[in-house]
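Remarks on the overall topology
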Amino acid sequence: MYGHITALEMIFISTTDSILDMILVILLVVNIQYFWCRYKNVDTMNTGLVLSGGGVRGVAHIGAIKALEEHDIFPSHIAGTSAGAVVGALYAGGCSWEEILDFFKTVELFTLNKYARKQPGFVDTSKFYDTLKTYLPSDSFEDLKKPLYITATNLLDGTLQVFHRGELIKPILASAAVPGVFAPVQFEGGYYVDGGILNNFPVDLIKMYCDKIVGIYVNPFEKVKIKDLKHSYNIMERAYKIRMGNESLAKFEDCDLLISPKNLKNYSTFSMKDIDIIFSMGYETAKEALKKNGAFKSAVAAAELEAMNGFSIDDSKIKLL
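The structure displayed is predicted, hence computed values, not measured ones. (Residues numbered from 1 in each chain as written. Predicted model: local features only at pLDDT ≥ 70, side-chain atom pairs only at ≥ 80, totals over all residues. Heavy atoms only, no water.)

Time to look at the overall build of the protein chain. In terms of helices and strands, the protein chain carries 9 helices and 10 strands. Taking all 321 residues of the protein chain together, 46% fall into the buried category. By sequence separation, contacts in the protein chain at least 24 residues apart represent 74% of the contacts at least 6 residues apart. For the protein chain, the accessible area works out to roughly 17,000 Å², and carbon and sulfur atoms hold 58% of it. (Helix = DSSP H or I, 4+ residues; strand = E, 2+ residues; numbered from the N terminus. Buried < 20%, exposed > 50% of the residue type's maximum accessible area, 1.4 Å probe, protein only. Contact = heavy atoms within 4.5 Å. Areas by Shrake-Rupley, 256 points an atom, 1.4 Å probe, with all protein chains shown as cover.)

The following block contains the structure:
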């Protein structure tokens with residue numbers, strides 16, 4: 001094969017062939033490892049789901065979750081406040097979007113047997129414990145299928161409490177206890193109400209753990225006219241929304257995909273009659289957002305947020321357009 005060559009040359013050629021074979025094997029292994037790591041990284045990328053408060057408008061979260069799943073987007077971490085805490089806990093517990101929707105359709109908010117006697121509120125929040133227990137039987141953060149972070153406001157010292165370990169259902173109820181309507185929840189030395197008072201869009205709780213953030217915001221805040229502020233409760237609700245709106249909007253740019261259904265202002269915080277419509281609004285808005293942003297590979301631009309929510313965002317302030 002090699003013609004008239006010396007033994008030394010034969011050894012040299014043989015050694016060279018072996019080295020080349022070894023280099024080819026090494027290159028093959030390196031390439032396999034490289035592509036495996038890339039595949040594994042995509043497969044294990046952490047996606048955070050942030051769910052705002054918003055009362056019954058939180059049903060839009062469920063429709064959005066359905067759309068996300070249809071695009072093979074499943075969160076690894078969840079953070080929620082108020083209605084978002086309820087949806088987030090059920091989802092983290094393994095409930096399907098159908099089961100979560102069924103929960104909202106069957107739960108009765110204002111019935112005589114839930115009237116709060118000798119408590120500061122119209123509804124006894126603790127009366128919803130047994131209903132949630134049927135969906136979350138272990139009543140434990142540790143038994144959830146995904147890490148969950150929810151917020152509540154401690155009336156005693158005015159601080160925000162973040163719950164993510166231990167007992168589960170009482171923190172959920174505390175996070176969703178809108179003050180004045182639902183009685184505060186006494187738990188672990190605190191006296192808790194709606195987490196949305198201090199953090200209605202808790203992106204900050206999970207963004208350090210996630211590669212991408214999907215935010216669903218269902219607490220609309222738009223311009224109103226004087227005729228819309230006829231009663232004292234209108235003034236109270238407006239002041240409440242101003243506080244939460246300014247705090248939440250500052251976090252919109254942390255979201256790689258923001259889903260915020262328009263016209264939710266037309267639906268009451270506590271009315272259960274439009275659940276199917278609100279669900280569809282969340283679903284359709286999420287589909288449209290996914291269509292525009294693809295697999296949300298880049299962060300939502302400030303201009304898109306302004307168009308979506310009616311706000312102007314700059315580095316120093318947030319103002320109404």
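Attention now goes to unusual backbone geometry. Working note: non-glycine residues mostly have negative phi, and peptide bonds are mostly trans. Located in the positive-phi region is Ser 82, a residue other than glycine, with phi close to 55°. On the secondary structure map, Ser 82 appears in the loop between β2 (77–81) and α3 (83–92). The phi angle at Asn 263 is positive, at roughly 70°, despite the residue not being glycine. In this structure, Asn 263 sits in the loop between β8 (257–259) and α8 (275–293).

Here the focus is the environment of Arg 238. Tracing the backbone through its elements, the reader meets Arg 238 in helix α7 (residues 232–249). Residue class for Arg 238 comes out buried when judged on its relative accessible area of 15%. Separated by 14 residues in sequence, Arg 238 and Val 224 place their C-alpha atoms 9.1 Å apart. Setting aside residues up to four positions removed in sequence, Arg 238 forms contacts with Phe 221, Glu 222, Lys 223, Val 224 and Leu 229.

This part is about the pairing of strand β3 (residues 148–154). In summary, the side chains of a regular strand alternate between the two faces of the sheet. Across the 7 residues of β3, 7 count as buried, placing the element largely inside the fold. With burial as the criterion, each face of β3 is covered, one bearing Leu 148, Ile 150, Ala 152 and Asn 154 and the other bearing Tyr 149, Thr 151 and Thr 153. Inspection of the sheet shows β3 paired to strand β4 (residues 159–163) by 5 bridges, in the antiparallel sense. From the neighbouring strand, Thr 151 faces β4, where its bridge partner is Val 162. Taking the residues between adjacent antiparallel strands as the criterion, β3 and β4 are bridged by 4 residues, where Gly 158 takes a positive phi near 70°. (Pairing = 2+ DSSP bridges.)

Moving on: helix α4 (residues 97–106). In an α-helix, one turn spans 3.6 residues; hence positions three or four apart end up facing the same way. Those residues of α4 not exposed but buried are Trp 97, Ile 100, Leu 101, Phe 103 and Phe 104. Along the long axis of α4, the arc covered by the buried residues comes to 150°, so they all point the same way. (Arc of directions from axis to C-beta.)

Core analysis: the largest hydrophobic core is formed by 65 residues, its most contacted members being Leu 49, Val 59, Ile 62, Phe 104, Leu 148 and Ile 259. Val 59 has contacts with Leu 101, Phe 104, Ile 275, Ile 278 and Phe 279, leaving out every residue within four places of it along the chain. Among the nonpolar cores identified, the runner-up in size contains 14 residues, and Val 50, Ala 79, Tyr 217 and Cys 255 belong to it. (Core = buried A, V, L, I, M, F, W, Y, C linked by side-chain atoms within 4.5 Å.)

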